[in-house]
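What follows is each chain in one-letter form.
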Amino acid sequence: MSFTPPTPGPKLLDERSLSGILIHFFAIPTGVVGAGLLYLLATDEFTKRNARNALDWHLTVLLITAITLGSFLTYTELTGQGITEVSVLPSSVSTVAGVAISGLFVLWFGVTLWTFAVGLIAMVKAIFGTAWRYPFSLALVEQFESRIDLPGGWPLVIFGYVVLSPLVIWAVFFASTTALVSILAAFGLIGLILVLTPLTVVAMYLHSQGDWLQDTTQQPYVLVHVGVPIFVAAIGYAVSLEFTQSIYPQGDAMYVFLAAFWISAIVYLLRWWTRPSQ
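What you are looking at is a predicted structure, and each value in this text was computed from that prediction instead of being measured.

Each value, and the rule that gives it
Residues numbered from 1 in each chain as written. Predicted model: local features only at pLDDT ≥ 70, side-chain atom pairs only at ≥ 80, totals over all residues. Heavy atoms only, no water. 1 Å grid on protein atoms, 1.4 Å probe; cavity = no way out; pocket = protein on both sides within 12 Å on 5 of 7 lines; lining within 4 Å. Points joined across faces, edges and corners; volume = space filled by probe spheres on them. Helix = DSSP H or I, 4+ residues; strand = E, 2+ residues; numbered from the N terminus. Phe/Tyr/Trp six-rings, centres within 6.5 Å; stacked < 30°, edge-to-face > 60°. Buried < 20%, exposed > 50% of the residue type's maximum accessible area, 1.4 Å probe, protein only. Lys NZ or Arg CZ within 6 Å of the ring centre and 35° of its normal. Expected span 1.5 Å × (residues − 1). Bend = angle between axes of the 7 residues up to and from the residue.

Counted as a void, the largest pocket has a volume near 1600 Å³. Along the walls of the largest pocket sit 40 residues, with Val-32, Val-33, Leu-55, Leu-59 and Leu-62 positioned nearest its centre. Per-element tally for the lining of the largest pocket: the top contributor is helix α1 (residues 18-41), with 15 residues.

Turning next to the packing of aromatic side chains. Two descriptors summarise a pair of aromatic rings, namely the distance from one centre to the other and the angle between the planes of the rings. This structure, assessed with the given rule, holds 9 aromatic pairs. Seen in terms of ring centroids, Tyr-161 and Phe-261 are 5.2 Å apart; in terms of plane orientation they differ by 70°. Their pairing is edge-to-face. With Tyr-161 in helix α5 (residues 154-174) and Phe-261 in helix α8 (residues 249-273), this residue pair connects regions lying 100 residues apart in the sequence. Given a relative accessible area of 0%, Tyr-161 falls into the buried group. A relative accessible area of 0% places Phe-261 in the buried class. Three or more aromatic residues link up through ring pairs in this structure, and these residues are Trp-57, Trp-132 and Tyr-134. Here Lys-48 stacks its cationic end above the ring of Tyr-39, 4.1 Å away from the centre of that ring.

Here α5 contains 21 residues, and its C-alpha end-to-end distance of 30 Å stays within 8% of the 30 Å for a straight helix at 1.5 Å per residue. At Leu-164, α5 is deflected by roughly 25°, the largest bend along its length, and proline Pro-166 occurs up to four residues later in sequence. Buried residues of α5: Pro-155, Val-157, Ile-158, Gly-160, Tyr-161, Val-162, Ser-165 and Val-168, and no others.

Distances and angles like these do not, on their own, reveal function.
Right under this line is the structure:
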């Protein structure tokens, strides 16, 4: 009696990557930041295609969010409900604008709920090897990525962090206390923490893989450039918790990390600029 070997089952990760599958779930809470960072870091084609699809969708959501909030803030200012308290819109126009903005909020709420559904669907599709494009998403990455030429490359991103970071912190602590400036400073701080700092970490990593690492004596040890600020922030948290009367030691640790990482970014740039010529 001849023996028939069993038919092998599907091998989940033969032609797909775990990161390409999980990016859709990971991008639901992290949005553009999570999808964008993985898209920049991805070397596997399956991961990159899935990250691009997720990034396109979350950029679309971000665009709808910006239009909705921008329209709402403009409406409040023009109807005397904002900072200026001066109404310039006729009542008929104000009524129509109010209905339109209500519609935008309904659209935004629906899109936000839809994000959970399409993210999970895309993850299931990726498990079976398909890089599924989210319905109604704009092809923003594919359309613009080939047109973007960043002068100076990744060091320019790091330099931008070095310049912008202290300006944002100054605005938070020392700028005018008017309502508009406070709102702008708060958004700037959120952008610094959630967008610019992670992007700078990625910029360090990607740049460190370039030509200047051909001389092994100039390796930047990116983990050190990020790990030391984290360690310093942990010390700051412990000091704030034990020896001060701070009501928010986590916030103190965050500011300590931002300061330490700012110094680390300067050190990285100095090491790169002063490297021996190849």
